[in-house]
Amino acid sequence: MALMKVKFDLKKRVKLAQMLWLMYWFSIMAGVLVFSMGLFFKIELRKRSELMDNNESHFVPNILIGVGLLACFLSASGGKICYDSLDSTKFVKWKSIVKPFLICCLFFNILLIVTAAMCFAMRIPLEFTLAEGLKNGMKYYKDTDTPGRCYMKRTLDLMQMEFRCCGNNNYKDWFEIQWVSNRYLDFSSKGVKDRISSNVDGKYLMDGVPFSCCNPSSPRPCIQQQITNNSAHYSYDHYTEELNIWKRGCRDALVSYYGGMMNTIGILVLMVTLLHIAVMIGLQYVNTSLSTLVNPEDPESESEGWILEKTVKETFTDIMAKMKAMGKGNQVDEGANEEAAATVS
Amino acid sequence: MVVGKMKFTFQKRVKLAQGLWLLSWLATLGGAVTFTLGCFLKTELRRRGEVMDNTDIHCVPNTLMIVGLASMGINYFASRICQDALDPGRFPRWKTFLKPYFGCSVFFTTLMLISVILSYAMKGSLETSLKIGLKNGIRFYKDTDTPGRCFQKQTIDHLQMEFQCCGNNDYKDWFEVQWISNRYLDFSSKEVKDCIKSNVDGRYLVDGVPFSCCNPSSPRPCIQYKITNNTAHYNYDHQTEELNIFIRGCREALVNYYMGLMNTIGAVVLSVFLLQSSVLASVRLLQTSMEAVAGQENVEIETEGYLLEKGVKETFMEYVDPVLKLLLLNQVTPPEAKPEAGATGTTTTTS
């Protein structure tokens, strides 16, 4: 009892083949889209690799690129097959390849689903990478004279301005590190000496943030220095002052940026999976309808098409039996060889 | 005195029609590109409209949009004409349409050329408009509590950060304006009182700039206040310190940005103009060469095609006369002159 059996006459077969050919064109474009999304994601990760300690994993964008290319290739072949299916002479050469091709498509669809799941799951390792990278980035903010780190200040400043964030978890992270280079500190002045001696590691810590933390929407000129000291500024209460500097931490901002991007890509890959499943089913119908012609000589005869020859349960038991037979076949062969070897020797 | 006379065999006419069909579709695409570029330029000008004093510069994108749409229409008709040209049965129906068509097409093609010239010529007007707009923007920077001006601070800050510039001509413009609102000045402190007394208008002027002037590429944390005072900061010389704040003025930055944009657009529109002119010339040649075939038994004869039947000046007068007459008739005419005008009108139509 076949699964979802449908009767086909010539007109219906032709219509199916044409519709399927059109859908294959869409799936080629979808494959190109997945490829370009993977490329875009890879470039975005590269752009900010300094903030991730050059440690970020490019696994997901690489998989997306590979899957996109594979999708294009499979869709092009599928399109060619169903284009030839309308001509019975041309279809003959494809007959033997169609079944393995369909099995390939099935595995490819499973791969697509796994890729989509990975897109959604990548958020977690990314969060850890960013936390580590931002912490180190802020540590090297002042090292503008150390080769290899001299652009960290610029990178962090531009990032804080672009993503509207300050510090790692929040702006208080800047209070715990020395972000002013020693070259610009007057060690002969009392203020500087007091600050350095008040601290175990001898670091120049202050309750101030870099200018890139300033919020342009603030109605008053930016208060960067002595943020927690209410008396240092007129009409200022740092608990109620919301708009002065950015409140959000950069890890949060970057994770939500990349998370949003990955969610979109994941949803896109799921939609592409649905499209591929549809064309796979369509191709199976085309294949079965062409191989069950009532009168093989007459192309206008009726035929039947189905998704699976038997029901799902029977097909599954069939596959298990085949695999067991293959496994046993190897053992029987070995046994026969041993016996043959024994009889010969 | 015919302008641009050329002989056309049947084969040549066919080739001309086919080439024209392809060319007209390319020119339609060019017209669409022109329209898109006009829209893009208008959007970009509107984005920074708050720092521009007047909207005179908007005539460039407006003209581009009009010309782009007109060009798409002209080229669409050109493709229809050349499709019908080779069929002697279908071609005559275009006869009455062609004269106004050529008039309009030449007008809009000239307008395209004018828009390219305008995009270079409007630089001065743009610069003046930006000068006044930025001056006002800097003046109203502190008025974050005045309705209508409360977003000026945000606009100027974003502008300075995005275009990497400071002030109008340069950063010193900020020294001449009070950019800190009175709400955040402690009038009981000695320092503030001294500062205000030291100047005629009673303004709180500082030799400092807003944080948006800070250059992220600077190796040291940004020095915004007491910029000209070398002793206020350790190891600092404001004459040699190049990277601390942005040196460039915002007017220069914006003018450069927009002129770069308009130069690129001008180059593209110029090439579309050349394409369009060649389409028009080809349609004219096709029309005149097909006119000689009309009514003939043998359609494969050799004919002559020309661009203009008379000289340029005479043709121009021929087109402009009806328009002028229409305008003259619409002007105030004394009632007794009306039947005369009607009589002259009928005499000109019959002649």
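Residues numbered from 1 in each chain as written. Chains lettered and ligands numbered in written order. Predicted model: local features only at pLDDT ≥ 70, side-chain atom pairs only at ≥ 80, totals over all residues. Heavy atoms only, no water.

To keep it simple, the criterion reads: UniProt positions are given in the numbering used here, feature names are shortened, and annotations may be inferred rather than shown by experiment.
An unreviewed UniProt entry lists chain B under the name RDS/peripherin-like protein xRDS35, with Cyprinus carpio as the source organism. Taken verbatim from the UniProt record of chain B, the Sequence similarities (unreviewed entry) comment is "Belongs to the PRPH2/ROM1 family." The Subcellular location (unreviewed entry) comment attached to chain B in UniProt states, word for word, "Membrane".

If you check an unreviewed UniProt entry, chain A appears there as Peripherin-2 from Cyprinus carpio. Per UniProt, the comment on chain A under Subcellular location (unreviewed entry) is "Membrane".

**What about the state of the cysteines?**
Short version of the rule: Throughout, a disulfide means two cysteine sulfur atoms within 2.5 Å of one another. Runs of E in the DSSP output that reach at least two residues are strands. Runs of H or I that reach at least four are helices, and both are numbered from the N terminus. Note on exposure labels: buried denotes an accessible area under 20% of the residue type's maximum, exposed denotes more than 50%, and partly exposed covers the range between, all computed with a 1.4 Å probe on protein chains only.
Under the definition given, this model contains six disulfides over all chains. Two residues share a disulfide in this structure: Cys 166 of chain B and Cys 213 of chain B, whose sulfurs sit 1.9 Å from each other. On the sign convention where negative means left-handed, the S-S torsion of about 85 degrees between Cys 166 of chain B and Cys 213 of chain B marks this disulfide as right-handed. Of this pair, Cys 166 of chain B sits in the loop between helix 5 (152-163) and helix 6 (190-197) while Cys 213 of chain B sits in the loop between helix 6 and helix 7 (250-291), and the two are 47 residues apart along the sequence. Relative accessible area serves as the criterion here: at 0%, Cys 213 of chain B is assigned to the buried category. Across a sulfur-sulfur distance of 1.8 Å, Cys 214 of chain B and Cys 222 of chain B are joined as a disulfide pair. Its S-S torsion of approximately -85 degrees makes the covalent link between Cys 214 of chain B and Cys 222 of chain B left-handed. The burial state of Cys 214 of chain B is the same as that of Cys 222 of chain B; both residues are buried. Each bonded cysteine of chain B gets a number by its place in the sequence, and the pairs then read 1-6, 2-3, 4-5. Cysteine pairing for chain A, with bonded cysteines counted in sequence order: 1-6, 2-3, 4-5. The thiol sulfur of Cys 119 of chain A is not disulfide-bonded, and the nearest other cysteine sulfur, from Cys 72 of chain A, lies at 17 Å.

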